[in-house]
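Coordinate inspection notes
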Amino acid sequence: MLGIMNLILSKKSKNFNILYSVVFLSNALSKDRKSQLLITIFVNIFASLSEMLMLALVIPFLNLLINPDSLKNTIFFKDYIINNNINEPISLITPLTLIFIVVIIIATSVRIYCLNLTLRSASDVSIDISSKLYNNILNQTFEEHIKVNSANEIAYLTSYLTKLLNSIIAFLTIFSSGLNCLTIIVLLLFVNSIATSFSILSIILIYLLISKNLSNKLVNYGKIVGTNSKLKVKYLQEGLNSIRDIILDNSYSIFLRKFRNTETLIRKNAIKIKFSQGFTKPAIEGLIYIFIAAFSCITIISTDNSTGLLAFLGVFGVGAKRLIPNIQKVYDSSVILKSNSPQVSKIIELLHAKKKTDINKIKINHNFFSREIRFENVFFKYSTSEDYVLEDINFQIRKGEKIGLVGKTGSGKSTLLDILMTFLSPSSGNIYLDGKSILNSKTRFYSWRALIAHVPQNIFLFDTTIEENITMLSTSEINSKKLKRCLDASQLNNLISNSSNGIKTKIGERGKLLSGGEIQRIAIARALYRDSKVLIFDEATSALDKQTEKDIMESINYFDKDITIISVAHRISSLSNFDRIYKIANKNLKKI
């Protein structure tokens, strides 16, 4: 039995497994969220029972209207009529109507509350899972990040999560509507077992045949929608980020064609999924009408019992009116689950990612770096390549030194910096901080990382103010004195004084309202504001003129004499005041 369960729940299964998905997602939820879902389930059960009670009262109510004396033979009212010496059952019409109305009000109120609770529960579950998914994506290793297209990750966190929310709602709908179907069928079986059995079995058989025929098609439609959703984000990013080239080359039609092709595939397959949901309802309704006509005809001919027939048709009509929409909801939800299965499977795969170290639980020691950081026999190659990018790297950086790195494009300068910043781990060799390895000690590893501030080649600025881009904090948390020192050191005072709102001036998406040099100076100010003891510049002053670059470096020295600087530059002249300069060539490091 255990082996069977393991097979069912195996995450390695290539097919979408609803049971596994439900178990996995429920395990990913907090206790409060699980409790919320249990309450939702119990409310759904109560709603189904109230629905059953409402339909059960239809029988005596219709009998009372059509043939009042028939209540004497009704199991629910026979004893009551005898014990209370009621000679005229028609006198029960007022209390029975009031009871019927009260039950309808209760059942309707419960259904409305149940719908609201179901949607809120699905939304809350989706929020929890989306937050966890975003956390997992952010906490990937640097090497994992560079392997993945950001358009895919955006799609996972937008359209894929929408599919997950729809799937959660669909699963809860299957449960609630399935319960409703069961209670209605039980009641109709009690009224007329033969007619109910025949009609229900016919309806279920039709739905099963349709589902079986559409199953693989729905998965395929879902895959096409998922794949093209990622491509859509990719083409949008490429078009918006290369707008200068598009304008100069007049290449609008190329990007529009790519977008239109993906959008066409998404919408056409979404319509196919929608049609798969919708076409069954009119077909089943037509079948029910045919069955009612045929059954009425046969009953009249064989028994000539028009009164009993009217009562049955009344109950069956009300039951069918409630049953068909619920069966349709179960079917629609199963279509949603099937068509969304590729996206849900991908999200589960991402949620299954190996748990990363919780840095908040590690005690960071800012005093570890008191002497030097040293590379010893470091080799590195990317996991996707057999060739080494760096070989036998040996060098040391003493605290407070200023080290320059030069080399041809593609020689491995940025890779060496990524290793130094712990974004990448050496394939072999070791890195020592004050004589002790940082690779076999999480405390030492993360303490070293916490000392570093990085100003990259491609600087990312937020679409907000100069102030918030430097501090990355809300205004109430900003240290004004430290901010002023950072502005002075990075030569930003002229920019701020010439801006309409000073330091509160918004700089546009990715700083598009600024020059390249202004962007670099804001990035330098951001690094200084962190109080980092190690500054790493990856061609971070390339857009600055020589005098401004010199002034900034002198200001940084004045800002903190103990700051250690490692700077990559194309111009050796910009490293003239550095303690040592190294050149990367032929995968190795040599002092100039």
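Above this note sits the structure.
Presented here is a report on the structure given in the accompanying data block.

Thresholds, definitions, all that
Counting restarts for each chain: residues are numbered from 1 in the order of the written sequence. For a predicted model such as this one, the threshold for reporting local features is a pLDDT of at least 70, and the threshold for listing and counting side-chain atom pairs is 80 or more; totals across whole chains, interfaces and linings nevertheless cover every residue. Hydrogens and waters are ignored; side-chain quantities use all the structure's heavy atoms. Salt bridge, as used here, is a side-chain nitrogen of Lys or Arg placed within 4 Å of a carboxyl oxygen of Asp or Glu. Numbering of helices and strands runs from the N terminus; a helix is a DSSP stretch of H or I covering at least four residues, while a strand is a stretch of E covering at least two. Partly exposed residues are those whose accessible area sits between 20% and 50% of the maximum for their type, while under 20% is buried and over 50% is exposed, using a 1.4 Å probe and protein chains only. Residues enter a nonpolar core if they are buried and are Ala, Val, Leu, Ile, Met, Phe, Trp, Tyr or Cys, with the set joined through side-chain atoms within 4.5 Å. The pairing test for Phe, Tyr and Trp rings, Trp by its six-membered ring, is centres within 6.5 Å, and the orientation test on the planes gives stacked under 30 degrees, edge-to-face over 60, and tilted for anything in between.

A few points about the pattern of salt bridges
The tally for this structure, following the rule as stated, stands at 13 salt bridges. Residues K232 and E263 are paired through a salt bridge, measuring 3.0 Å at the closest nitrogen-oxygen approach. Here E263 lies in helix α10 (residues 252–278) and K232 lies in helix α8 (residues 193–241), a separation of 31 residues in the sequence. Judged by relative accessible area, which is 18%, E263 ranks as buried. Salt-bridge contacts for R267 lead to E263; the nearest nitrogen and oxygen are separated by 2.8 Å. Of this pair, R267 and E263 are both found in helix α10, four residues apart, which corresponds to roughly one turn of the helix. Of the residues examined, R267 reaches a relative accessible area of 45% and is grouped as partly exposed.

Section: unusual backbone geometry
Positive phi outside glycine occurs at D434, with the angle close to 50 degrees. The exposure class assigned to D434 is buried, which follows from its relative accessible area of 11%. Non-glycine residue K587 carries a positive phi angle of around 70 degrees. Among the secondary structure elements, K587 is positioned in the loop between β9 (580–585) and β10 (588–591).

Observations concerning the side chain of S567
Its place among the elements puts S567 in strand β8 (residues 564–568). Residue S567 is classed as buried on the basis of its relative accessible area, which comes to 4%.

Considering the nonpolar core
Residues I470, L528, L535, F537 and I556 are the most contacted members of the largest nonpolar core, which totals 40 residues. Elements supplying a minimum of two residues to this core: β6 (452–455), α16 (466–471), α17 (480–489), α18 (493–497), α19 (516–529), β7 (534–538) and α20 (546–559). Top contributing element to this core by residue count: α19, with eight residues.

Focus on the packing of aromatic side chains
This structure, assessed with the given rule, holds nine aromatic pairs. Taking 5.4 Å as the distance between ring centres and 85 degrees as the angle between the ring planes, the aromatic pair formed by F369 and W448 counts as edge-to-face. One end of the pair, F369, is in the loop between α13 (341–351) and β1 (372–380); the other, W448, is in helix α15 (residues 442–450), with 79 residues separating them in the sequence. The buried category is assigned to F369, whose relative accessible area is 3%. By relative accessible area, W448 is classed as buried at 1%.

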